[in-house]
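# Residue-level structure breakdown
Spelled out from the first residue to the last, the chains are:
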Amino acid sequence: TLESELEETGRIVSREDRERNQGETDLSFDLSEVSQIGLEYRYQSTEYDSDERVDRVAHRFQIPYRQWFNDRLDQLTLRPSYTRTETEDNREIDYYKLSVGWTHVFSKTLRMRNFIGYQYTVTTSDDDQDSSRSGSADLSIIQTGELFSFRLGLRSNIYVDVDGSVDEVDRIYCRVK
């Protein structure tokens, strides 16, 4: 769909059929009343009907550490992660990322969530290897109600594009549910 293509890549190339399978699981352990550590795993595969697009499989592992302050109104998160993406054109993309986040609760229905990070990416294909470093950010404000949720944000991150290339995408987003 065009909406998920925009979510994945930040741009719309064309409308086409694809099959996406994904699943995720997580465990968390309370270290104290105000701290927690977790282990998260996510699997995602994408297969396109078009031969011009590159099928891919990704595995992501994260180990978030959360610490609450100020009567749980503020949360500090340290989130190291590793993602491995393998494409049908024999490319392997390894992402090593460290993010630091701060969430502040203004009220029962309004909160702010901010993450900044550093990412190191290694792309290997046949006998070629390329690496890059970049920053990442996800700054958002979330308003929820009984029948809706509203999220406005700014995100900068690296994504594997539909042609298998690695692109840095900056976007402003608004979600209403």
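Since we're looking at a predicted model, the values are computed, not measured. (Residues numbered from 1 in each chain as written. Predicted model: local features only at pLDDT ≥ 70, side-chain atom pairs only at ≥ 80, totals over all residues. Heavy atoms only, no water.)

Considering all chains together, one arrives at three aromatic pairs under this definition. Consider the rings of Tyr41 and Phe61, whose centres lie 5.0 Å apart with planes at 45°: the pair is tilted. Placement of the pair is Tyr41 in strand 2 (residues 35-48) and Phe61 in strand 3 (residues 56-62), with a sequence separation of 20 residues. We classify Tyr41 as partly exposed; its relative accessible area is 26%. On the basis of relative accessibility, which here comes to 40%, the residue Phe61 falls in the partly exposed class. Pairing Tyr82 with Tyr96 gives two aromatic rings, centres 5.2 Å apart and planes at 40°, and the pair type is tilted. With Tyr82 in strand 5 (residues 74-87) and Tyr96 in strand 6 (residues 91-105), this pair connects stretches of sequence that are 14 residues apart. When its relative accessible area of 25% is taken as the criterion, Tyr82 is described as partly exposed. Grouped by ring-pair contacts, the aromatic residues Tyr82, Tyr96 and Tyr120 constitute a single cluster. Here Arg72 stacks its cationic end above the ring of Trp68, 4.4 Å away from the centre of that ring. One cation-aromatic arrangement involves Arg79 over Phe115; the distance from NZ or CZ to the ring centre is 4.1 Å. (Phe/Tyr/Trp six-rings, centres within 6.5 Å; stacked < 30°, edge-to-face > 60°. Helix = DSSP H or I, 4+ residues; strand = E, 2+ residues; numbered from the N terminus. Buried < 20%, exposed > 50% of the residue type's maximum accessible area, 1.4 Å probe, protein only. Lys NZ or Arg CZ within 6 Å of the ring centre and 35° of its normal.)

Next up on the list: the pairing of strand 9 (residues 149-160). Here eight bridges tie strand 8 (residues 128-144) to strand 9, and the two strands are oriented antiparallel to one another. Each residue of the ladder has a partner; that of Asp138, found in strand 9, is Arg155. Between the antiparallel neighbours strand 8 and strand 9 lie four residues. Judged from the eleven bridges that link them, strand 9 and strand 10 (residues 166-176) form a sheet pairing that is antiparallel. Bridge pairing in strand 10 links Leu152 to Cys174. (Pairing = 2+ DSSP bridges.)

For the rest of this paragraph, the subject is the layout of surface pockets. The volume enclosed by the largest pocket comes to roughly 1500 Å³. The wall of the largest pocket is formed by 48 residues, among which Arg42, Arg60, Gln62, Asn157 and Tyr159 lie closest to the centre. Per element, the largest residue contribution to the lining of the largest pocket is seven residues, and it comes from strand 9. In the lining of the largest pocket, the residues fall into twelve nonpolar, 19 polar and 17 charged. (1 Å grid on protein atoms, 1.4 Å probe; cavity = no way out; pocket = protein on both sides within 12 Å on 5 of 7 lines; lining within 4 Å. Points joined across faces, edges and corners; volume = space filled by probe spheres on them. Nonpolar A, V, L, I, M, F, W, Y, C, P; charged D, E, K, R; others polar.)

Once that is clear, we can look at the pairing of strand 4 (residues 65-69). It is a general feature of regular strands that their side chains alternate between the two faces of the sheet. Pairing of strand 2 with strand 4 involves three bridges; the strand directions are antiparallel. Looking across to strand 4, one finds that Gln36 is bridged to Arg66. Of the strand pairs in this sheet, strand 4 and strand 5 are connected by five bridges, and their pairing is antiparallel. If you follow Gln67 over to strand 5, its bridge partner there is Leu76.

On inspection of all chains with the given rule, the structure shows six salt bridges. Across the pair Arg84 and Glu92 runs a salt bridge, and its minimum N-O distance is 2.7 Å. Residues joined in a network through salt bridges with shared partners are Arg84, Glu86, Glu92 and Asp94. (Salt bridge = Lys/Arg side-chain N within 4 Å of Asp/Glu carboxyl O.)

Honestly, that's just the spatial picture; any functional story needs more than this.
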